Amino acid sequence: MAGIYLHIPFCKQACHYCDFHFSTVFRKSEAMVKGLADELELRKSEFGNNSVATIYFGGGTPSVLKVAEIEYLISTVRKHYKVDEGAEITIEVNPDDMGPQYLELLAQSPVNRLSIGIQSFHDVDLKLMNRSHNSAQAVSAIEGAVNYFNNMSIDLIYGIQGMDNKRWIQNLEQALAFNIPHISSYALTVEPRTALKKYIDKAILPDVSDEQAQEQYHIMVGLLESHGYINYETSNFGKPGFFSKNNSAYWKGENYLGIGPSAHSFNGEQRSWNIRSNVKYLKAISKGQLPQEKEALSTKDRYNEYVMTGLRTIWGVSLEKIRQEFDPIYEKYLVKQADKYVHEHLLFWDGEVLLTTRKGKFLADGIASDLFMINLE
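The following refers to the structure shown. What you see is a predicted model, and the numbers here were worked out from it, not measured in a lab.

### So, the pattern of salt bridges
On inspection of all chains with the given rule, the structure shows 16 salt bridges. Here Lys-321 makes a salt bridge to Glu-325, at a shortest N to O gap of 2.8 Å. A residue pair is termed a helical-turn pair when its members lie 3 or 4 positions apart in one helix, as Lys-321 and Glu-325 do in helix H12 (residues 319–325) at four residues. For Glu-325, a relative accessible area of 37% translates into the label partly exposed.

### Details of the packing of aromatic side chains
For the structure on display, the rule yields 13 aromatic pairs. With a centroid separation of 5.4 Å and an interplanar angle of 45°, the aromatic rings of Tyr-217 and Phe-362 are classed as tilted. Within this pair, whereas Tyr-217 is found in helix H8 (residues 210–226), its partner Phe-362 is found in the loop between strand E15 (353–356) and helix H14 (364–371), the two being separated by 145 residues in sequence. When its relative accessible area of 0% is taken as the criterion, Tyr-217 is described as buried. Note on Phe-362: relative accessible area 23%, which makes it partly exposed. Both rings, one in Tyr-256 and one in Phe-266, keep their centres 6.2 Å apart while their planes meet at 40°; by these two values the pair is tilted. With Tyr-256 in strand E9 (residues 255–259) and Phe-266 in strand E10 (residues 264–266), the pair connects residues that are ten residues apart, well separated along the chain. Like Phe-266, Tyr-256 is buried. One aromatic cluster is present, built from ring pairs that chain together Tyr-158, Trp-168, Tyr-217 and Phe-362. Seen from the ring of Tyr-229, Lys-239 lies directly overhead, with NZ or CZ sitting 4.8 Å from the centre. A cation over an aromatic ring shows up here: Lys-252 above the ring of Trp-315, its NZ or CZ 4.3 Å from the ring centre.

### With respect to the nonpolar core
In terms of nonpolar packing, the biggest core is built from 74 residues, with Ile-4, Phe-57, Leu-106, Leu-114, Ile-116 and Ile-154 touching the most fellow members. A total of six residues in this core trace back to one element, the largest contributor, which is H8. Discounting chain neighbours no more than four positions away, the residues touching Leu-106 are Val-67, Ile-70, Ile-91, Val-93, Val-111, Leu-114 and Phe-149. Within the second largest apolar cluster, 20 residues are counted, among which are Tyr-306, Val-317, Ile-322 and Tyr-341.

### What about the environment of Val-335?
Residue position: Val-335 is located in helix H13 (residues 328–343). Under the relative-accessibility criterion, Val-335 is labelled partly exposed at 36%. When the C-alpha positions of Val-335 and Trp-349 are compared, they lie 9.9 Å apart, and in sequence the two are 14 residues distant. Apart from residues lying up to four places away in sequence, Val-335 is in contact with Leu-319 and Trp-349.

Calculation criteria
Residues numbered from 1 in each chain as written. Predicted model: local features only at pLDDT ≥ 70, side-chain atom pairs only at ≥ 80, totals over all residues. Heavy atoms only, no water. Salt bridge = Lys/Arg side-chain N within 4 Å of Asp/Glu carboxyl O. Helix = DSSP H or I, 4+ residues; strand = E, 2+ residues; numbered from the N terminus. Buried < 20%, exposed > 50% of the residue type's maximum accessible area, 1.4 Å probe, protein only. Phe/Tyr/Trp six-rings, centres within 6.5 Å; stacked < 30°, edge-to-face > 60°. Lys NZ or Arg CZ within 6 Å of the ring centre and 35° of its normal. Core = buried A, V, L, I, M, F, W, Y, C linked by side-chain atoms within 4.5 Å. Contact = heavy atoms within 4.5 Å.

Put into structure tokens, the structure is as follows:
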């Protein structure tokens, strides 16, 4: 199984917290669509006989594209790659793009899953984050989408400055009222070179609180699990049958191809990433060149990555897999390093699978870093 990710590097405006690659200048959007199609053709041999199980349009804001452009890119994938019948095809959409005509055209396209960037149902939060939509558009977008799609997800952000637990619970309850089958939710993170970082440094906004984020995370886990959602990955909650195949593939270490400027790829042994510049990307692609850097993963790198991704999921870290793929020293090291966290009730063993407890979920990344193999001495 393999996946294809297409990065659409355009947004109407810059969210204050975002450090993804994008441009607010749209004059090269048509050239970019052609560039993505050309890169798909240039890299068609990379999957070998593997079939494509997921196609994911991310960004940026993919919903700024015309539906005809989205269909063109999907048809390009199908032209050059073997695509599974019933492949999951997801597009990230912003509420302010989701008018009735756009939704109707999208429903007639091969797209079969939406990921809607709600973030909050409260205007005060949306203004703080500089989102391009308001709370009324957030509600209207979901009301329209449910008429056309039964497989959809919404994004929510917690740990926002000034958002108390009451308002956070209201966000969750609003999502539950729509019976959305999948929810992705992330703590507001302060990234370098973002407007949010600048505002905090200048004391225009207070810093984010790890304690607030952790408390709101646990509120979310309890509430969503009580309504039948499975927290299958730290930030992802799905009803049975509605886990994101794209997200799950990432966490399980499946191969994926990243198309577009700044997009990353992984083939099990090597990572590569495209240049983070629209102009340089298009110039290279027009010459038939791939503007990317590559990194071969060592055995230690692959072990550390497996531990990091495994602890974030309900599938955990398997000793059997470690025995099959790594030297025996890795198994001994993992068991020894995990012991402290097992005694602290942050990790537990389910047979030969290491998992996080509910208490340990929010701390999974930090715990994983302590289980990393630093050297082999």
